[in-house]
Amino acid sequence: LRNVEHSAFNAGEVLKYKLAYGFINAGEATLSVSKAEKKIHGRDILHMVGEGRSISAFDWFFKVRDRYETYMDEKGAFPWLFVRRISEGGYNKEQDYKFFQNNGTVVNQKEEEYEVPHGVQDMLSAFYFARTLDFQNAKKGQVFEFPAFVDEEIYPVRMKFVGTKK
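Residues numbered from 1 in each chain as written. Predicted model: local features only at pLDDT ≥ 70, side-chain atom pairs only at ≥ 80, totals over all residues. Heavy atoms only, no water.

Novice: Sorry, what's going on with the environment of L133 here?
Specialist: For L133, the position within the fold is in the loop between α2 (125-132) and β9 (143-150). Considering only alpha carbons, one finds L133 and Q121, 12 residues apart in sequence, at a separation of 14 Å. With residues near it in sequence (within four places) discarded, L133 still touches F144, F146 and M159. (Helix = DSSP H or I, 4+ residues; strand = E, 2+ residues; numbered from the N terminus. Contact = heavy atoms within 4.5 Å.)

So, in structure tokens, the structure goes:
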């Protein structure tokens, strides 16, 4: 199993966002990182939670109550477990993915098994993994790519380095 040296995030981090629909305040989102109590394969685990919700004044228009969780290997920056519970304007979805990173498979809540590349990300862990990438020697226009397993498919997540600002 891989190890990724980084200082991009740690247990205790909380990010809060205000969400707008045009100029109207529509919702809020929170991303948090905590230390999980259990280990997997003897490795320390971080528990990331992403929650998004429309504010009560916007609920009449489009009510959102989303929760994403990933249990990420602290040293390897890859997921072991992903939980998705979303409710968006009457559309609901529940997903559970167990990642078997040591043998390159994912099993969903229906016990269907999928072959995936080692180190594959889920939709929440991809955000955190992207933060571990080293852009110190990146060239303008350089593309960084890694795989993510979303909705029972593997997608390439691509990010283009466009430069730095002070």
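From this point, the discussion proceeds with the structure in view.
Novice: Just to check I follow, could you spell out the pattern of salt bridges for this structure?
Specialist: Charged atoms that come close allow side chains of opposite charge to pair. Applying the stated rule across the entire model yields 14 salt bridges. Of the charged contacts in the structure, one is a salt bridge between D59 and R65, with a shortest N-O distance of 2.8 Å. The exposure class assigned to R65 is partly exposed, which follows from its relative accessible area of 26%. Ionic pairing is found between R85 and E94, a salt bridge with its closest N-O pair at 4.0 Å. The exposure class of R85 is partly exposed, given its relative accessible area of 30%. Each of K35, K39, D44 and E74 takes part in a single network of salt bridges with overlapping partners. (Salt bridge = Lys/Arg side-chain N within 4 Å of Asp/Glu carboxyl O. Buried < 20%, exposed > 50% of the residue type's maximum accessible area, 1.4 Å probe, protein only.)

Novice: What exactly am I supposed to notice about unusual backbone geometry here?
Specialist: Backbone geometry follows two general trends: most residues other than glycine have a negative phi, and most peptide bonds adopt the trans configuration. Even without being glycine, A77 reaches a positive phi, approximately 55°. Take A77: it is sitting in the loop between β4 (64-73) and β5 (79-88). Unlike most non-glycine residues, E111 shows phi in positive territory, near 65°. Assignment of secondary structure puts E111 in the loop between β7 (105-108) and β8 (113-115).

Novice: Help me understand the environment of T132, please; the structure alone is not making it clear to me.
Specialist: By the element assignment, T132 lies in helix α2. Look at T132 and you get buried, because its relative accessible area is 10%. Not counting the four nearest positions on each side in its chain, T132 is found in contact with V4, H6, A8, F9 and A77.

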